[in-house]
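What follows is the residue order along each chain.
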Amino acid sequence: MSEKRNTVTKSTKQNPETVNSFKCVFPARSVNEGFARTIVSAFVSQLDPTIGELSDLKTAVSEAVTNSIVHGYKDKNIKDSLIYLTAKRFSDNVVVVEIKDKGCGIPDVRQALEPMFTTSPSEERSGMGFTVMSSFCDKIKVSSTVGKGTTVILEKRFSST
Ligand SMILES: Nc1ncnc2c1ncn2[C@@H]1O[C@H](COP(=O)(O)OP(=O)(O)OP(=O)(O)O)[C@@H](O)[C@H]1O
Ligand SMILES: [Mg+2]
């Protein structure tokens, strides 16, 4: 006879709930870097952010979007080069923004995250994009597969109530 096991886990810690979210998809064109900044800015305005918080997140988002455009899709036809942007706002005032591309991917993510590492020195890139994202957000997660694409997740807590 099989034994039925019941497990009950009780915790006083409550997981934050998703309060609001959006998803959008747009072509990887440099004109859309401004679009991404603006849409994220409009979304977090619900949190009544300080000018500094808002500017930090917008800068981090535009670094990630620029990377998808200039690195991720550098060898691809613009027609099927899309950027997938999603954002979630949680009940503890944390905002999580995901920027995803289906471009060439990054062979060594650890190396790419190092300050001043760039594969495009001739285009006058300084290799500081990921460093800027890390310093302007509370958390950054980068996952990438060569030939499949890159996902950057930015997390930032806002001080507003
Ligand atoms: N979405 C992406 N797809 C493919 N490669 C990427 C992507 N994002 C970053 N990389 C790689 O990681 C490297 C480091 O990125 P980072 O943004 O830190 O610097 P950069 O873009 O080279 O220079 P900067 O951002 O200062 O103009 C890039 O040079 C590129 O090789
Ligand atoms: Mg960059």
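Residues numbered from 1 in each chain as written. Chains lettered and ligands numbered in written order. Predicted model: local features only at pLDDT ≥ 70, side-chain atom pairs only at ≥ 80, totals over all residues. Heavy atoms only, no water.

1. As for the overall build of the chain
Logical step 1: When helices and strands are counted, the chain shows four helices and five strands.
Logical step 2: Of the regular secondary structure in the chain, the N- to C-terminal order runs β-α-α-β-β-α-α-β-β.
Logical step 3: Projected onto its principal axes, the C-alpha positions of the chain cover 65 × 50 × 30 Å.
Logical step 4: Expressed as a percentage of its 161 residues, the buried residues of the chain come to 37%.
Logical step 5: The contacts of the chain with a sequence gap of at least 6 include a subset with a gap of at least 24, amounting to 64%.
Logical step 6: Total accessible area computed for the chain in this model is approximately 10300 Å², and 50% of it derives from carbon and sulfur atoms.
Logical step 7: With 22 positive and 18 negative side-chain charges, the chain shows a separation of 8 Å between the mean positions of the two kinds. (Helix = DSSP H or I, 4+ residues; strand = E, 2+ residues; numbered from the N terminus. Buried < 20%, exposed > 50% of the residue type's maximum accessible area, 1.4 Å probe, protein only. Contact = heavy atoms within 4.5 Å. Areas by Shrake-Rupley, 256 points an atom, 1.4 Å probe, with all protein chains shown as cover. Lys, Arg positive; Asp, Glu negative; His and termini not counted. Charge placed at Lys NZ, Arg CZ, Asp CG, Glu CD.)

2. Structural notes on the layout of surface pockets
Logical step 1: Within this model, the largest pocket holds a volume of roughly 600 Å³.
Logical step 2: Forming the boundary of the largest pocket are 29 residues, of which Asn67, His71, Ile106, Thr119 and Phe130 lie nearest the centre.
Logical step 3: Looking at the lining of the largest pocket, the elements that each hand over two or more residues are helix 2 (51-72), strand 3 (94-101), helix 3 (109-112), helix 4 (129-136) and strand 5 (149-157).
Logical step 4: Looking at the lining of the largest pocket, the element that brings in the most residues is helix 2, giving seven residues.
Logical step 5: Looking at side-chain class alone, the lining of the largest pocket contains eleven nonpolar, 13 polar and five charged residues. (1 Å grid on protein atoms, 1.4 Å probe; cavity = no way out; pocket = protein on both sides within 12 Å on 5 of 7 lines; lining within 4 Å. Points joined across faces, edges and corners; volume = space filled by probe spheres on them. Nonpolar A, V, L, I, M, F, W, Y, C, P; charged D, E, K, R; others polar.)

3. Digging into the packing of aromatic side chains
Logical step 1: In this structure the tally under the stated criterion is two aromatic pairs.
Logical step 2: An angle of 80 degrees between the planes, with centres 5.6 Å apart, marks the rings of Phe26 and Phe35 as edge-to-face.
Logical step 3: Sitting over the ring of Tyr84, Lys100 keeps its end group 5.6 Å from the ring centre. (Phe/Tyr/Trp six-rings, centres within 6.5 Å; stacked < 30°, edge-to-face > 60°. Lys NZ or Arg CZ within 6 Å of the ring centre and 35° of its normal.)

4. Some thoughts on the site of ligand 1
Logical step 1: Every one of the 20 residues lining ligand 1 counts as a neighbour, but Asn67, His71, Thr118, Thr119 and Met128 are closest to it.
Logical step 2: At 2.5 Å from an oxygen atom of ligand 1 is found a side-chain nitrogen or oxygen belonging to Thr118.
Logical step 3: A distance of 2.4 Å separates an oxygen atom of ligand 1 from a polar atom in the side chain of Thr119.
Logical step 4: Computed on the free molecule, ligand 1 has an accessible area of 590 Å², of which 93% lies beneath the protein chains in the complex.
Logical step 5: In this structure, ligand 1 is accommodated by the largest pocket.
Logical step 6: With five residues, helix 2 is the single largest residue contributor to the shell around ligand 1.
Logical step 7: For the shell around ligand 1, the residue count by class is six nonpolar, eleven polar and three charged. (Near = heavy atom within 4 Å. Polar contact = N/O pair within 3.5 Å; in protein donor to acceptor, adjacent residues only side chain to side chain. Sits in = over half its atoms within 2 Å of the grid points.)

5. Quick look at the sheet that holds strand 3
Pairing between sheet strands relies on hydrogen bonds along the backbone, with the strands arranged either parallel or antiparallel.
Logical step 1: If you trace the five strands from one edge of the open sheet to the other, you get 1-2-3-5-4, paired in antiparallel fashion. At either margin of the open sheet sits one strand with a lone partner, and together these are strand 1 (18-27) and strand 4 (139-145). When strand polarity is set aside, the average angle formed by the axes of neighbouring strands in this sheet is 10 degrees.
Logical step 2: Helix 1 (residues 31-44) rests against strand 1, strand 2 (82-90) and strand 3 of the sheet, and its axis sits at about 170 degrees to strand 1. (Pairing = 2+ DSSP bridges. Axes fitted to C-alpha atoms, helices over the stretch in contact; angles between N-to-C directions.)

6. Some details on the side chain of Asn67
Logical step 1: Inspection of the secondary structure assignment puts Asn67 in helix 2.
Logical step 2: Of the residues examined, Asn67 reaches a relative accessible area of 19% and is grouped as buried.
Logical step 3: The residues touching Asn67, leaving out its near neighbours within four places in the chain, are Gly72, Phe130 and Met133.

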